[in-house]
Number of protein chains: 2
Amino acid sequence: MNKKQLVVKLSGALNLSKADAERTFDTITNTILDALKADDSVKIAGFGTYKVAKRKARVGRNPRTGEQIQIAASQKVKFLPAKALKEVFNK
Amino acid sequence: MNKKQLVVKLSGALNLSKADAERTFDTITNTILDALKADDSVKIAGFGTYKVAKRKARVGRNPRTGEQIQIAASQKVKFLPAKALKEVFNK
DNA sequence: TTTCTATATGCAAAAACTGCATACCCAATT
DNA sequence: AATTGGGTATGCAGTTTTTGCATATAGAAA
């Protein structure tokens, strides 16, 4: 399912125009992103937690040439599924 | 930030009551979950992709006792941040 | 049409996962 | 508004899993 299909579903479920549904959805993702940018984690009960994970620098490799490469430290957004979410998929 | 705080922010940004903002948000998470339950991945351009990862059974270990443990196969929801999202946190 | 994403490759190192106790924070009920 | 029940974070070791490097291409999405 892509974003467009999701927006269509939301449009129906929320009784909104597609444009409004999309705007609503974008507002939510932006709100979450803003919190993450401010180095805050976002905990959503029954769904999961978004947090920014810091990854250390390390040695990588160019798979084509086999050549070693230094990989800089980086940050990435992590999503940790809530307990309820894990149970849904393991019953 | 927890769900309640997020709902308050959305309520302001979307000009909705808190109850409506929460209902809207729940509808979105439920829609995503339904797709995942149907074994579909959810790809949101500019944000990320949710998919269900299947993990095989394996042998683990109790860190306290060192005892070997059989771990059953399981599934978990994975979130892969989109390119745009990685860039935000690495500039 | 033009941008975005998945894939596939080998390999080193970081990170996750396991059980479990404690502390903590949140959500819901009274 | 306050209490309580429950989910979540943390630390521990050692093994499994994941990550992410470059790059082209195919396919899909905006």
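Conventions we followed
Residues numbered from 1 in each chain as written. Chains lettered and ligands numbered in written order. Predicted model: local features only at pLDDT ≥ 70, side-chain atom pairs only at ≥ 80, totals over all residues. Heavy atoms only, no water. Helix = DSSP H or I, 4+ residues; strand = E, 2+ residues; numbered from the N terminus. Rg over C-alpha atoms; globule rule 2.2 N^0.38 Å. Buried < 20%, exposed > 50% of the residue type's maximum accessible area, 1.4 Å probe, protein only. Contact = heavy atoms within 4.5 Å. Areas by Shrake-Rupley, 256 points an atom, 1.4 Å probe, with all protein chains shown as cover. Lys, Arg positive; Asp, Glu negative; His and termini not counted. Charge placed at Lys NZ, Arg CZ, Asp CG, Glu CD. Pairing = 2+ DSSP bridges. Axes fitted to C-alpha atoms, helices over the stretch in contact; angles between N-to-C directions. Expected span 1.5 Å × (residues − 1). Arc of directions from axis to C-beta. Polar contact = N/O pair within 3.5 Å; in protein donor to acceptor, adjacent residues only side chain to side chain. Parallel < 35°, antiparallel > 145°, perpendicular 65-115°, else oblique. Left-handed = near helix turned anticlockwise from the far one by under 90°. Nonpolar A, V, L, I, M, F, W, Y, C, P; charged D, E, K, R; others polar.

Colleague: Lay out the overall build of chain A in plain terms, naming residues and giving numbers.
Modeller: Per the secondary structure count, chain A includes three helices and five strands. Starting at the N terminus and ending at the C terminus, chain A contains elements arranged as α-α-β-β-β-β-β-α. Expected size for 91 residues packed as a compact globule is a radius of gyration near 12 Å; at 19 Å, chain A overshoots this value by more than 25%. Structurally, chain A occupies a C-alpha span of about 55 × 30 × 30 Å along its principal axes. The buried share of chain A, taken over its 91 residues, is 36%. Summarising the internal contacts of chain A: among those between residues at least 6 apart in sequence, 27% fall at separations of at least 24. For chain A, the exposed surface amounts to about 5800 Å²; the carbon and sulfur share of it is 49%. One way to put it: in chain A the 19 positive side-chain charges average out to a point 9 Å from where the 8 negative ones average out.

Colleague: Got a sec to walk through unusual backbone geometry? Specific residues and values, please.
Modeller: In this structure, Asn 15 of chain A is a non-glycine residue whose phi angle is positive, near 60 degrees. One can find Asn 15 of chain A in the loop between helix H1 (3-14) and helix H2 (18-37). Since its relative accessible area comes to 69%, Asn 15 of chain A is described here as exposed. Phi at Asp 39 of chain B takes a positive value of approximately 65 degrees, unusual for a residue other than glycine.

Colleague: Give a description of the sheet that holds strand S5 (residues 74-81) of chain A that names residues and reports values.
Modeller: Residues and elements named next belong to chain A. With respect to topology, three strands assemble into an open sheet ordered S1-S2-S5, the strand pairing being antiparallel. For this open sheet the edge positions go to strand S1 (42-44) and S5, each flanked by a neighbour on one side alone. Strand-to-strand twist in this sheet, taken as the mean axis angle between neighbours without regard to direction, amounts to 30 degrees. Across the sheet, H2 lies against S1, strand S2 (48-55) and S5, angled at about 40 degrees from S2, the strand it touches most.

Colleague: How would you explain helix H1 (residues 3-14) of chain B if you had to name every residue and give the values?
Modeller: In this model H1 of chain B runs 16 Å from its N-terminal to its C-terminal C-alpha over 12 residues, within 8% of the 16 Å that 1.5 Å per residue would give. Residues Lys 3, Leu 6, Val 7, Leu 10, Ser 11 and Leu 14 of chain B constitute the buried set of H1 of chain B. In a view along the axis of H1 of chain B, the buried residues occupy a sector of 140 degrees, so they form one face of it. Facing away from the buried side of H1 of chain B by more than 90 degrees, the exposed set consists of Lys 4, Gly 12 and Ala 13 of chain B. Structurally, H1 of chain B contributes buried residues whose contacts are with H2 and S1 of chain A together with helix H2 (18-37) of chain B. Capping the start of H1 of chain B is the job of one residue whose side-chain oxygen sits 3.1 Å from the backbone nitrogen of Lys 4 of chain B: Asn 2 of chain B.

Colleague: Can you lay out the packing of H1 of chain B against H2 of chain B for me, pointing to particular residues and giving the numbers?
Modeller: Angle between the axes and distance between the axes are the two parameters that describe a pair of packed helices. All names here are of chain B. Look at H1 against H2: their axes get within 8 Å of each other, and the N-to-C directions meet at 110 degrees. Considered as vectors, H1 and H2 are oriented roughly perpendicular to each other. You can see that H1 and H2 cross each other, and the crossing is right-handed. Between H1 and H2, the contacting residues are Lys 3, Leu 6, Val 7, Val 8, Leu 10 and Ser 11 on the first element and Lys 18, Ala 21, Glu 22, Phe 25 and Asp 26 on the second. Considering only residue class, the contact of H1 with H2 consists of six nonpolar, one polar and four charged.

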